[in-house]
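Results of the structural survey
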Amino acid sequence: MNESGEPAPESTSTSGRDALPEEQQKILARAIRLERFSIVFLVVTVAMVAAVSGQSQAMKAAWLEDSMSLLPPIAFLVAARRIRQGSSREFPYGHHRSIGVAHVVSAAALLGMGAFLVIDSVTTLVKVERPPVGLTVLFGHGLWAGWLMIAVMVVTNIPPIFLGRMKMKLAEPLHDKVLFADADMNKANWTSALATVIGILGIGVGLWWADAAAAIAVSVSILHDGVKNLRAAIRGLTDGQARTFDEKEPHPLTAQVEQTARATTWAADAVGRVRDEGHVFHVEMFVVAADGEEITGQRCEDLRAALHDVDWKIHDVVIAPVVRIPAEQAFREP
């Protein structure tokens, strides 16, 4: 029974995939289908680009970028399967941080490949290596191989733009940073494709250096994606301040749960420590009782339920009664 004499609410904390409400589970299912389709599409794309790349440095960079683009959807699918497992003695917080691990893996791979391609492309440019792009026979007719390269780049880089937009719409309600990173990369693929096309056309008009220059542009794009995503992933895994799915600002839920706790009649002050676990948040709420008020187990349980009700992402809540807010936790929004 709570203080009003009504039955105490049952704990709303769930574990594993059940931590997501029905709507988010449906969104996750759609995201999984999209990522599976992306993997199939990327495998076909990698094969097509490899078939026509020849000795072009820009096409080589594009092929490696497409190959590395397989990592985010694969990491997402592995993490989505992993989070289904509930908490245990060995993993008391569950497996929601698999999302963060997937983010680190894909970002580190992008960073490493981007760095390798920049060095490789610059070396090619310095050595003045001229890529041979000759003729190929298609349906009995001779055709400059560069046209095939351009056609493949155009055909294979239009669908990712739409895939990226579809994934982006799912990333926010799901609060999935891996999905967002993948969507962001998909949407930006056209810039890399354009640089590759320009490099190939440069070879056609006799500008041998255009191919390596385009490869460098593609490599810098990959490197930028890697640095940006690795910084965000490490911040999350090292318990940085919980931020929005796109990392643009602190997540407003931190302020909301603190306001809810401070509005409790028996609380004089409250400060929360919010940890981003992946799709969901873990909250430790430090609460100081008002003068003459006693903090009981039932009051803590009622406050836990109230904080859970703030948003579905508030998954695991710990109430920590204290005499005064610890100095290291005395945060205040400006």
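See the structure printed just above.
These notes cover the structure that comes with them. (Residues numbered from 1 in each chain as written. Predicted model: local features only at pLDDT ≥ 70, side-chain atom pairs only at ≥ 80, totals over all residues. Heavy atoms only, no water.)

1. Some thoughts on the packing of helix α4 (residues 98-126) against helix α8 (residues 209-237)
When two helices pack together, you describe them by how their axes are tilted relative to each other and by the distance separating the axes. At a minimum axis distance of 7 Å, the contact between α4 and α8 shows a crossing angle of 155°. Compared by their axis directions, α4 and α8 come out roughly antiparallel. For the pair α4 and α8, the sense of crossing is left-handed. Here the residues of the contact of α4 with α8 are counted per class, giving 24 nonpolar, seven polar and one charged. (Axes fitted to C-alpha atoms, helices over the stretch in contact; angles between N-to-C directions. Helix = DSSP H or I, 4+ residues; strand = E, 2+ residues; numbered from the N terminus. Parallel < 35°, antiparallel > 145°, perpendicular 65-115°, else oblique. Left-handed = near helix turned anticlockwise from the far one by under 90°. Nonpolar A, V, L, I, M, F, W, Y, C, P; charged D, E, K, R; others polar.)

2. Details of the pattern of salt bridges
Applying the stated criterion across every chain yields a total of 16 salt bridges. Between Arg275 and Asp239 there is a salt bridge, and its shortest N-O distance comes to 3.4 Å. You can see Arg275 sitting in strand β3 (residues 267-276) and its partner Asp239 sitting in the loop between α8 and α9 (253-262), a full 36 residues away along the chain. Judged by its relative accessible area of 41%, Asp239 falls in the partly exposed class. For the salt bridge of Arg273 with Glu284, the shortest nitrogen-to-oxygen distance reads 2.8 Å. A residue pair is termed long-range when its members are at least 10 positions apart, and Arg273 in strand β3 and Glu284 in strand β4 (residues 281-289) qualify at eleven residues. For Arg273, a relative accessible area of 34% translates into the label partly exposed. Several salt bridges share partner residues, and in doing so they unite Arg97, Asp239, Arg275 and Glu277 into one network. (Salt bridge = Lys/Arg side-chain N within 4 Å of Asp/Glu carboxyl O. Buried < 20%, exposed > 50% of the residue type's maximum accessible area, 1.4 Å probe, protein only.)

3. Some remarks on the sheet that holds β4
One open sheet accounts for three strands, arranged β3-β4-β5; its pairing is mixed. What marks the edges here is a single partner per strand, and that holds for β3 and β5 (314-321). Going across the sheet, the axis of each strand differs from the next one's by a mean of 20°, ignoring polarity. Summarising the sheet, β3 and β4 pair through nine bridges and their orientation is antiparallel. Paired with Ala267 across the two strands is Ala289, which belongs to β4. Where α9 meets the sheet, its contacts fall on β3, β4 and β5, and the angle it forms with β3 comes to roughly 155°. (Pairing = 2+ DSSP bridges. Contact = heavy atoms within 4.5 Å.)

4. A few points about the pairing of β4
Of all nine residues in β4, eight are buried; the element is thus mostly enclosed. The turn linking β3 back onto β4 is made up of four residues, and Gly278 within it adopts a positive phi angle of 135°. Where β4 meets β5, seven bridges bridge the pair, whose relative direction is parallel. From the neighbouring strand, Val287 faces β5, where its bridge partner is Pro321. In this fold, β4 hands off to helix α10 (residues 297-308), which returns the chain to β5; that crossover is right-handed. (Right-handed = clockwise from strand over helix to strand, strands pointing away.)

5. Brief notes about empty space enclosed by the protein
All told, the structure shown has five cavities of 30 Å³ or more when counted by the stated rule. Of the volumes computed, that of the largest cavity is approximately 150 Å³. As for the largest cavity, its lining consists of 13 residues, of which Gly100, Lys177, Gly236, Asp276 and Gly278 are closest to the centre. Elements represented by at least two residues in the lining of the largest cavity include exactly α4 and α8. Element by element, the count of residues in the lining of the largest cavity is highest for α8, at four residues. Its residues assigned to classes, the lining of the largest cavity shows four nonpolar, four polar and five charged. (1 Å grid on protein atoms, 1.4 Å probe; cavity = no way out; pocket = protein on both sides within 12 Å on 5 of 7 lines; lining within 4 Å. Points joined across faces, edges and corners; volume = space filled by probe spheres on them.)

6. Some details on the packing of helix α3 (residues 71-82) against α4
Two elements in contact, α3 and α4, have axes separated by 9 Å at closest approach and are oriented at 165°. As summarised for this structure, α3 and α4 are arranged roughly antiparallel, according to the angle between their axes. The element α3 and its partner α4 pack so that their crossing is right-handed. The segment α3 lies against α4, with Leu71, Pro72, Ala75, Ala79 and Arg82 engaging Ser98, Ile99, Ala102, Ser106 and Ala109. Among the residues making up the contact of α3 with α4, the classes are represented as seven nonpolar, two polar and one charged.

7. Structural notes on the packing of aromatic side chains
As enumerated under the stated definition, the model contains one aromatic pair in all. Ring centres of Phe180 and Phe245 lie 5.3 Å apart, and the angle between their planes is 85°; this geometry places the pair in the edge-to-face category. One end of the pair, Phe180, is in helix α7 (residues 177-204); the other, Phe245, is in the loop between α8 and α9, with 65 residues separating them in the sequence. For the pair shown, Phe180 and Phe245 are each scored as buried. Looking at Arg82, its charged tip hangs above the ring of Phe91, at a distance of 5.8 Å from the centre. (Phe/Tyr/Trp six-rings, centres within 6.5 Å; stacked < 30°, edge-to-face > 60°. Lys NZ or Arg CZ within 6 Å of the ring centre and 35° of its normal.)

8. Details of a nonpolar patch on the surface
Taken together, Val40, Val44, Met48 and Val155 make up a surface patch of nonpolar side chains, about 330 Å² in accessible area. For the nonpolar patch, the element with the highest residue contribution is helix α1 (residues 22-52), accounting for three residues. Here Val40 lies in helix α1. (Patch = residues over 30% accessible without salt bridge, like charges linked within 9 Å, V, L, I, M, F, W, Y side chains within 5 Å. Areas by Shrake-Rupley, 256 points an atom, 1.4 Å probe, with all protein chains shown as cover.)

Any functional reading would require information that these geometric values do not contain.
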